[in-house]
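# A look at the structure
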Amino acid sequence: MAAAAAAERRAFAHRINRTVAAEVRKQVSREYSSSPQLPKKQGGIPQLVPLTEVVEPLDFEECVTGHLSDVEPGPLHDLVEFPADDLEVIHQPRDCRTLEPGVPEDGKQDARVRAAVQVYTEDWVIIQRKYQRLSTMSCANTAERHRDRQKELPRQDFERDEVAAAAEECGSQGDPEDQKRCSASLDNTPRGSWASSIFDLKNCAADSLLPSLLVRTAIEETDGRNEEQRKENRQREILALFPAPDEDEVVERCSIPEVPKEHFGQRMLVKCLSLKFEIEIEPIFGSLALYDVKEKKKISENFYFDLNSEHMKSLLRAHGAHPAISTLARSAVFSLTHPSPDIFLVIKLEKVLQQGDIGECCEPYMVLKETDGAKNKEKLEKLRGAAEQFCTRLGQYRMPFAWTAIHLLNIISSAGMLERETAESEGERRGTWNERKRKVHERMSVGEETCSFSNFRPATLTVTNFFKQEADRLSDEDLYKFLADMRRPSSVLRRLRPITALLKIDISPVPENPPYCLSPELLHVQPYPDLRVRPTKEILEFPLREVYVPHTTYRNLLYIYPQSLNFSSRQGSVRNIAVKLQFMAGEDPGQALPVIFGKSSCSEFVKEAYTAVVYHNKWFREAAGDPPGLAGRLVHLGPGSVFCIHRFSPSRPTHLLAGLPSSTRNSN
């Protein structure tokens, strides 16, 4: 029986391979387990190319350039040629942020300086590609654009869909006769069968008649009519209907560069509102600056402000001319390119030089109170009389007084928490204050950007305590130690006896195009409607790391920081030391140039600047100047020397102690 069954089997059945797919895969994996390869012919010699080899994408421009001779002329010949009018040269006027040009005047420039300055004043020359908008660089097929194109497509209705819809409608009706007529559905018949064809013929709608089908027409007319009909409801970008590629598989990712402009980081506006002490006996002057504790660097220049009353300012009128409006600024714009949780806003206070150590001068502010007028009236009158004498004799000299610091992360995190609280739903549990604070630190640990100075909520701060400036701890290294200690729970500074005061400042993000601003060069920034309004100063940033942007503005600023002076070889006592800085145009003492920026409530430019007078040999003073842009003319610092060392005595006239020979020169 088995032999008979085998004989009845057809011949082609004996040739069918009975090997299952699993065995085939095992065999292939054993043969090509090391490196799957494909045959490839190169130069007529067959070679094996591993399947794992990464194939570089084809460079279209290089391929076309290398095969220009192989291109045959035809209707599509223009597709492989670069258009002759692709490149366009456009001259765009350069925008100027300030009302005045920031470059030196033409009449006082050397030829080399004029050539260098011309780089900052010429119009931009832009090379633009006319047909760049047609490339994938400008018209990238993203998933969002793909969905938008699909919404614009007209709906396509086919006869099969209409028949299926009609069958569903018949099935939903309750009449048995209707269900019987609709029982012969297309879904119930096998595809391609005779019954399916009969069903399609019986249920399809009749096509509209073609009245001109048998009329003889010219071939050109027929082709033209067909071409017009093909253009109706035609998709403009047929290839754009393909699904968008993944972000990692994009072939071309380029962007048209923007016109270069001046670099700004995240900007923060600080307004100094008021400063009051328990007693008011003398003028107090303040300064603001940003410091990074982790990097141990100062990241901004100083901003000087004066919040004294008119009575206190009148004590110094004998030592200065009418103050320029630029020195009356009480608000500043700070820029941060690299924001971090280690940045502090340091506030330093100075007072007019007087007799005694810093500790002795601070003692009345920690002991006396204006409210105890009857008890301390005689002492306060005596202090005011002494302060008036010192302002008359030594009004142009300063001494360190007190300092404090504000951790900017506390402002940003608090404002961010308040903003997130308003966004939460009322029914959601918000948790306690400690829980929300813990969540902020958790976000910082996972790398969330919580140090954004561009979108936090404005805050008004009240600083009530200042630290007494110690004479032997005036350096920046000592300041970094204090700032690092302020973040610890058991701060050493909290055990010190503070100076009670009331300083109110407002910190907020900078709005777009704020009015009444002055650049670091004291130029009026647009918009500036009224030159008589108290300005806001833009404070120059000292970035922690190099910022790789082109220099588009002319900036000629020099910052000098005297650090220390060693008088160990000099016999006798050396106290009350200050350094005077000058920019000299010659050896004559009267040739000092008024190019040093004034601090607060003084002239806009001064001829000399003094460091704060201290008991021994250290200072903390920044001197900023705008040297003249003159080539071929040597500009010196100091009258024949870099610095002049002055010794001060509150009870005797001031005299020159020493002059340091200069080897530093600034040539532009």
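Residues numbered from 1 in each chain as written. Predicted model: local features only at pLDDT ≥ 70, side-chain atom pairs only at ≥ 80, totals over all residues. Heavy atoms only, no water.

## Remarks on the overall build of the chain
The helix and strand inventory of the chain stands at 15 helices and 26 strands. Residues classed as buried in the chain amount to 34% of the 668 residues present. For the chain, contacts bridging at least 24 residues in sequence account for 76% of all contacts bridging at least 6. When the accessible surface of the chain is summed, it comes to about 43900 Å², and 52% of that surface belongs to carbon and sulfur atoms. (Helix = DSSP H or I, 4+ residues; strand = E, 2+ residues; numbered from the N terminus. Buried < 20%, exposed > 50% of the residue type's maximum accessible area, 1.4 Å probe, protein only. Contact = heavy atoms within 4.5 Å. Areas by Shrake-Rupley, 256 points an atom, 1.4 Å probe, with all protein chains shown as cover.)

## Details of the nonpolar core
Nonpolar side chains in soluble globular proteins tend to end up buried together. One finds F334, L345 and F466 to be the most contacted residues of the largest nonpolar core, which totals 54 residues. Every residue in contact with F334, bar those within four places of it in the chain, is listed here: Q266, R267, M268, V270, L288, A289, L290, S300, E301, F303, L345 and I539. Judged by nonpolar contacts, the second largest core, of 12 residues, contains Y291, L479, Y480 and F482. (Core = buried A, V, L, I, M, F, W, Y, C linked by side-chain atoms within 4.5 Å.)

## Overview of the pattern of salt bridges
Summed over the entire model, instances satisfying the criterion amount to 14 salt bridges. One salt bridge in this structure joins E227 and K231, with 3.9 Å as the shortest N-O distance. A residue pair is termed a helical-turn pair when its members lie 3 or 4 positions apart in one helix, as E227 and K231 do in helix α9 (residues 219–231) at four residues. The closest approach of N and O atoms between R384 and E381, which form a salt bridge, is 3.7 Å. Here the residue R384 and the residue E381 both occupy positions in helix α12 (residues 373–394), the gap between them amounting to three residues, near one helical turn. (Salt bridge = Lys/Arg side-chain N within 4 Å of Asp/Glu carboxyl O.)

## Describing a nonpolar patch on the surface
A cluster of nonpolar side chains, contributed by L87, V89, V125 and I127, occupies part of the molecular surface with about 400 Å² of accessible area. For the nonpolar patch, the secondary-structure elements that each account for two or more residues are β3 (87–92) and β4 (124–129). Tracing the backbone shows L87 in strand β3. Classification of L87 by relative accessible area gives exposed; the value is 55%. (Patch = residues over 30% accessible without salt bridge, like charges linked within 9 Å, V, L, I, M, F, W, Y side chains within 5 Å.)

## Comments concerning the packing of aromatic side chains
In the structure shown here, the tally under the stated rule is 13 aromatic pairs. Taken together, a centroid distance of 5.1 Å and an interplanar angle of 40 degrees make the contact between W403 and F467 tilted. Of this pair, W403 sits in strand β11 (residues 398–407) while F467 sits in strand β12 (residues 459–468); the two residues are 64 residues apart in sequence, bridging distant segments of the chain. Accessibility expressed as a relative area gives 3% for W403, which makes it buried. Counting every residue linked through ring pairs, the aromatic cluster contains F277, Y365, F401 and F466. The cationic tip of R94 hangs over the ring face of W124; the distance from NZ or CZ to the ring centre is 4.0 Å. The ring of F285 has R398 lying over it, and the distance from NZ or CZ to the ring centre is 4.1 Å. (Phe/Tyr/Trp six-rings, centres within 6.5 Å; stacked < 30°, edge-to-face > 60°. Lys NZ or Arg CZ within 6 Å of the ring centre and 35° of its normal.)

## Overview of the pairing of strand β18 (residues 577–584)
Across the eight residues that make up β18, a large majority, eight, are buried. Here β18 shows no split at all, with I577, V579, L581 and F583 on one side and A578, K580, Q582 and M584 on the other all buried. Examined bridge by bridge, β18 and strand β21 (residues 608–610) share three bridges and lie antiparallel to one another. Looking at the pairing, Q582 lines up with E608 of β21. (Pairing = 2+ DSSP bridges.)

## A look at the confidence of the model for the chain
In this model, the chain carries a mean pLDDT of 75, and residues with pLDDT of at least 70 account for 65%. The model gives residues 180–187 a pLDDT under 50, and that stretch makes 11 contacts with residues more than four places away or in other chains. Residue range residues 440–449 is modelled with pLDDT below 50. Its contacts to residues more than four positions away, or to other chains, number 10 contacts. (pLDDT = per-residue confidence, 0-100.)

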